[in-house]
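# Fold and contact review
Each chain is listed here by its residues.
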Amino acid sequence: MCVVPQVIIWTLPPPKPSLVQKPPSSPDFYSMLKRTMKQDTNQVILAVLQCPLFVQAVIGLCNMAKAFPRTPEDHTWFLGTTGWQFTDQAHFPILADQKGIFVALSAILPLLDHGATNNSVEVKAFFTFADMIIAIEDH
């Protein structure tokens, strides 16, 4: 007598739509940055309203710029378009004291085209901001 093996296939019902989760989207650091500061009509920063979130957005933008497989000029242009002109530097010591900003700015500066400041006021403003934060942290 020959025994024929039986194969049993179990199928699960399809998942309910309410149980299916979308993968998390990456944060919009540019919008986060804009929500954490008060600007005038010329996009000059008058005040930083939420220092920890502002710094988180800066770190995120720096990491995004580093992730681009592009040239130093492209990294520089990306960060320069964000708008870094401050009316004063009163918030800089508070910002420099926030965790992670020194490391992020120190890591991104070598990847940028420092010659781009000749052509762009916005890029020059970013370098001024980054240099001041690093100088405060170094002291």
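No experiment lies behind these values; they were computed from the predicted model shown.

Helix and strand counts for the protein stand at 6 helices and 2 strands. For the protein, the sequential pattern of α-helices and β-strands runs α-β-β-α-α-α-α-α. Each of the 139 residues in the protein was classed as buried or not, and the buried ones make up 34%. Summed over its atoms, the accessible surface of the protein is roughly 9500 Å², and 60% of this surface lies on carbon and sulfur atoms.

This brings us to the side chain of H75. Position of H75 among the secondary structure elements: in helix α3 (residues 72-80). Not counting residues within four places of it along the chain, the set of residues in contact with H75 comprises A65, K66, F68, R70, L111 and L112.

Working note: regular strand, side chains alternate between the two faces of the sheet. Summarising the sheet, strand β1 (residues 37-39) and strand β2 (residues 45-48) pair through 3 bridges and their orientation is antiparallel. Bridging from a neighbouring strand, Q39 pairs with I45 of β2.

Our focus in this paragraph is the environment of A125. Locating A125 in the fold gives a position in helix α6 (residues 121-138). Residue A125 is classed as buried on the basis of its relative accessible area of 11%. When the C-alpha atoms of A125 and G80 are compared, they prove to be 7.6 Å apart, with 45 residues separating the residues in sequence. Contact partners of A125, with chain neighbours within four places excluded, come to W84 and Q85.

This brings us to the environment of M132. Relative to the elements of secondary structure, M132 occurs in helix α6. For M132, a relative accessible area of 30% translates into the label partly exposed. Once the C-alpha coordinates of M132 and Q89 are considered, the two residues, 43 residues apart in sequence, prove to be 8.7 Å apart. When near neighbours in sequence (up to four residues on either side) are disregarded, M132 contacts Q89 and F92.

This part is about the nonpolar core. Residues F54, V58, W84, L95, L105, F126 and F129 are the most contacted members of the largest nonpolar core, which totals 36 residues. Elements with a minimum of two residues in this core: α1 (29-35), β2, α2 (51-67), α3, α4 (92-96), α5 (101-108) and α6. In contact with F129, other than residues within four places in its own chain, are F54, V58, W84, F86, F92, L95, I101 and L105.

Our next topic: the confidence of the model for the protein. In this model, the protein carries a mean pLDDT of 80, and residues with pLDDT of at least 70 account for 81%. For the protein, α3 is the element with the lowest average pLDDT, namely 82, and α5 is the one with the highest, namely 89.

Let us now look at the packing of α2 against α3. Angle between the axes and distance between the axes are the two parameters that describe a pair of packed helices. In contact at an axis separation of 9 Å, α2 and α3 are set at 155° when each is read in the N-to-C sense. Taken as axis vectors, α2 and α3 run roughly antiparallel relative to one another. Note on packing geometry: the crossing formed by α2 with α3 is right-handed. Packed against α2, whose contacting residues are L61, C62, M64, A65 and K66, the element α3 presents H75, F78 and L79 at the interface.

Parameters at a glance
Residues numbered from 1 in each chain as written. Predicted model: local features only at pLDDT ≥ 70, side-chain atom pairs only at ≥ 80, totals over all residues. Heavy atoms only, no water. Helix = DSSP H or I, 4+ residues; strand = E, 2+ residues; numbered from the N terminus. Buried < 20%, exposed > 50% of the residue type's maximum accessible area, 1.4 Å probe, protein only. Areas by Shrake-Rupley, 256 points an atom, 1.4 Å probe, with all protein chains shown as cover. Contact = heavy atoms within 4.5 Å. Pairing = 2+ DSSP bridges. Core = buried A, V, L, I, M, F, W, Y, C linked by side-chain atoms within 4.5 Å. pLDDT = per-residue confidence, 0-100. Axes fitted to C-alpha atoms, helices over the stretch in contact; angles between N-to-C directions. Parallel < 35°, antiparallel > 145°, perpendicular 65-115°, else oblique. Left-handed = near helix turned anticlockwise from the far one by under 90°.

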